[in-house]
Structures are given as C-alpha cells and as structure tokens.
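Structural overview
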Amino acid sequence: MIKAVVLGLAALLALWIGAGFALVALSGPFEPSGRLVDIGGRKLRLVCVGPKTDQPVIWMEAGAWGLAADFAAIQQRLAAKGLRSCAYDRAGMGFSDPGPKPRDSAAIVADLARLIAASGETGPFVFMAHSMAGQHIRLYAGRHPDQVAGLVLLEATTPEMAENPQAQRFLSGVQAVGRVSALAGSLGLSKIAYYMGDRIGLPPQGKAEKRHAFVSGRHARTAADEVMVWPQGAVQAAAVPLDPDWPVAVITAGNAELMAGWNTARRAPERNSRAGYYENEPAAQHATLLGLTHSDAVLRGVDHVLAAIERSAGSGKIAPQT
C-alpha cells in the first residue's frame, strides 16, 4: 500500500515537472535583450534604451527576485520622452553570470561599479531603485558620490526600516519564501507557473524575460542568497551619508494610511534632500508601480529630479561628465 502511494506521488511529481517544462518550451523562441558586459572574468547583462543626450542617464536597480526586465515598461516610457536609461541583471540573476558569496549590498555595489565603468555610459547618473534595491543604491551613492546626480526611490527599503519590528517580521517571512522558492526552482517545480511570472504588467519582451527568470532555479537560488543577507546590507548602507544637495523622489504605492509606518522610513531620503519629492500612487501595488498601467507617478518623480538638476546647474541642462 505504502509503495503504491509513493509510486503514485512520484508519478504525479514527474507529471507536474514535465508539464512545466512543456509549458516553457511551448512559449516559443526566446532571446533576452541587451548585451553581456565583462566586469573582469564575469559577465552581467545590461539593457540600455533611449537616445544619448545631454540629460543624465537613469540607472536602474531591481528589487528582490528582480532583474532588468522589471523596468521594461518604464524604460519604454522614458525612451518615448527622449530619456536614456540602463537596467541590468545582478550576478546570478536573470541572464548574468553568478558571483561570489555573500550576495550582500557590498558585493552588489562592487559589481555595479565595475559594470558602470565597463558600460561606456557617462555620468553623473540618476539612480532608480525598487524595493530591496534601495539599500544597494544608498550604499553605491555613498561610496561614489561623484557619479550621483539624483535618486528616484520606488517602494524602496532604507536602512531605517531594518529597525522596525514589523519589517523584521516581514523579512523573516520573505526569507522563508526564499528558501522554498529556491528549492522549488531547483527541482523544476515552479516551471508550471511560467505564465504567472509577470505580476508587473510589462511589454512583451520584458514579460517573456520576467517569466523565464521566474521559473529559473539559479535565479531563485540567487534571490534567496540575497534576501538572507539583507540585514548585513542594511548595516552597510546605514554607514554612508546621503548628500542633501541630491534631488530625491520617493514614490510609494497602495493604501498610504495603512502603510504610514513603512512609508515614514521610506521617505527618510526625501526628507533629507533639499529638493525632495513624494507621491503615493493608491491604484498601484508594490510590483505594478513599475508596469505600463501605473507608472505615471514614477515618470513624475523622474521629471522632478531632472528639473531640480537643471535648476542646480543654472544653465537649463546638465552635461554628463566624461
């Protein structure tokens, strides 16, 4: 009896995994966008969109489980406004080579510095960060202030949030999800959920990239590695200052009243800035804020930062440094 049950469960598991692989295969031919950039023995995927102008390039950092595709809708919309932006896959995420552990903010920032140096893009930049990436960009900005023209923070974590007991409980839950998703991805169990991969609302190419990453075991394992060391990254980010002269836009989503405690911490960089801007998009959620439908507030945040840069420059435009 037990043997029959075990064999039955094994058959169901094999059917589940096989169906998942079939779904991915039937989705059709796929080629990721962008290019691979060598950062010294390893390559990271970089996606730059839009014309090169005298406006600052907007450099994007995705949140937990994220990759360049997370910003596909925003990049499309920025390009339509004549603005250039660059997004990338962190080491081991999406279509980039893996990197050494731990995958904390310090490691991520070191890779980002190498990528920017090898990219051919010139700064200073406007850095855009979503979710967990807020602390990565906080650390990068503190270590490379000469490369920063301004910040756009989207539902972004801050070191101040690490002190919140509610945030600590939330992190414990996220880490548990990370362990489970890493195991499921490694066993091929998640491939059946291929068509659930895009919860943002992305254009077709970004949607395909997001779905492929969503069911990738390596992507899931690296994402878990990152969230496991989130507290270390918060400590690293807290150790560097934010220049109050940098214009900062903070954009949040959802019920502002319900999220008041979290948003107080999220708004810390905006309150520190002499040219701060805050907007909440009630119709959006944490992920859909990046999508085609609900990203108007993001674009307004970018507009605010660029206008503040122009005012500061005093000449109507800010020229990238070489």
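Structure: see above.
Residues numbered from 1 in each chain as written. Predicted model: local features only at pLDDT ≥ 70, side-chain atom pairs only at ≥ 80, totals over all residues. Heavy atoms only, no water.

Thoughts on the overall build of the protein
- If you tally the helices and strands in the protein, you get eleven helices and eight strands.
- Buried positions account for 52% of the 322 residues belonging to the protein.
- Sequence-distant contacts, at least 24 apart, represent 78% of the contacts inside the protein between residues at least 6 apart.
- When the accessible surface of the protein is split by element, carbon and sulfur atoms take 61% of a total near 13,900 Å². (Helix = DSSP H or I, 4+ residues; strand = E, 2+ residues; numbered from the N terminus. Buried < 20%, exposed > 50% of the residue type's maximum accessible area, 1.4 Å probe, protein only. Contact = heavy atoms within 4.5 Å. Areas by Shrake-Rupley, 256 points an atom, 1.4 Å probe, with all protein chains shown as cover.)

Side note on the sheet that holds strand 8 (residues 276-281)
- A sheet is described by the order of its strands in space; here eight strands give the open sequence 1-2-4-3-5-6-7-8, paired in mixed fashion. With partners counted over all chains shown, the strands left at the sheet margins are strand 1 (35-38) and strand 8, one partner each. Shown here is a sheet whose adjacent strand axes are inclined to one another by a mean of 25 degrees, direction ignored.
- As paired elements, strand 1 and strand 2 (residues 43-49) share four bridges and run antiparallel to each other. Residue pairing in the sheet places R35 in a bridge with L46 of strand 2.
- In this fold helix 3 (residues 105-119) packs onto strand 1, strand 2, strand 3 (58-61), strand 4 (85-88) and strand 5 (125-130), with an angle of close to 145 degrees to the strand it touches most, strand 3. (Pairing = 2+ DSSP bridges. Axes fitted to C-alpha atoms, helices over the stretch in contact; angles between N-to-C directions.)

Some details on the pairing of strand 6 (residues 148-154)
- Buried residues dominate strand 6, accounting for seven of its seven residues.
- In the sheet, strand 5 pairs with strand 6 via six bridges, with the strands oriented parallel. Note on strand 6: the bridge partner recorded for F127 is L151.
- The β-α-β motif built from strand 5, the intervening helix 4 (residues 133-143) and the parallel element strand 6 has right-handed crossover chirality.
- Judged from the four bridges that link them, strand 6 and strand 7 (residues 248-253) form a sheet pairing that is parallel. (Right-handed = clockwise from strand over helix to strand, strands pointing away.)

So, the pattern of salt bridges
- With the rule as written, the count across this model stands at 17 salt bridges.
- E155 is the salt-bridge partner of R266, the closest N and O atoms lying 3.3 Å from each other. A residue pair is termed long-range when its members are at least 10 positions apart, and R266 in helix 9 (residues 260-266) and E155 in the loop between strand 6 and helix 5 (165-187) qualify at 111 residues. Across the pair, exposure class does not vary: R266 and E155 are buried alike. (Salt bridge = Lys/Arg side-chain N within 4 Å of Asp/Glu carboxyl O.)

Quick look at the nonpolar core
- If you look at the biggest cluster of nonpolar residues, it comprises 33 residues, and the most contacted ones within it are W59, Y88, L115, F127 and L151.
- The set of elements that each furnish at least two residues to this core consists of strand 2, strand 4, helix 3, strand 5, helix 4, strand 6 and strand 7.
- A total of six residues in this core trace back to one element, the largest contributor, which is helix 3.
- Counting residues in hydrophobic clusters, the runner-up holds 32 residues, among them A62, A149, A253 and V305. (Core = buried A, V, L, I, M, F, W, Y, C linked by side-chain atoms within 4.5 Å.)

Some points on the state of the cysteines
- Going through the model one piece at a time under the given rule, you end up with one disulfide.
- Each sulfur of the disulfide joining C48 and C86 lies 2.1 Å from the other. The disulfide joining C48 to C86 has a torsion of about 110 degrees about its S-S bond and is therefore right-handed. Placement of C48 in strand 2 and of C86 in strand 4 is noted, with a sequence separation of 38 residues between them. (Disulfide = S-S within 2.5 Å.)

Re helix 11 (residues 296-313)
- Between the first and last C-alpha of helix 11 there are 26 Å, a value that for 18 residues agrees with the 26 Å anticipated at 1.5 Å per step.
- Those residues of helix 11 that sit buried are A297, V298, L299, G301, V302, H304, V305, L306, A308 and I309.
- Where helix 11 is buried, its residues contact strand 3, helix 2 (72-80), strand 5, strand 6, strand 7 and strand 8. (Expected span 1.5 Å × (residues − 1).)

A word on the environment of A234
- As for its placement among the helices and strands, A234 is situated in helix 8 (residues 230-238).
- C-alpha separation for the pair A234 and T158, spaced 76 residues apart in sequence, amounts to 7.3 Å.
- The contacts of A234, once residues within four sequence positions are left out, are Q135, P159 and A162.

Thoughts on the environment of M228
- Mapped onto the fold, M228 is located in helix 7 (residues 217-228).
- Note: C-alpha distance between M228 and P102 (126 residues apart in sequence) is 9.2 Å.
- Each residue touching M228, except ones within four places of it in the same chain, is listed here: Q175 and R179.

What about unusual backbone geometry?
- With an omega of 0 degrees, the peptide bond between K101 and P102 qualifies as cis.
- Considering the arrangement of structural elements, one finds P102 in the loop between strand 4 and helix 3.
- One non-glycine residue with positive phi stands out, namely S131, at about 60 degrees.
- Structurally, the position occupied by S131 is in the loop between strand 5 and helix 4.
- The phi torsion at E155 lies on the positive side, around 50 degrees, for a residue other than glycine.
- By relative accessible area, which is 5% here, E155 ends up buried.

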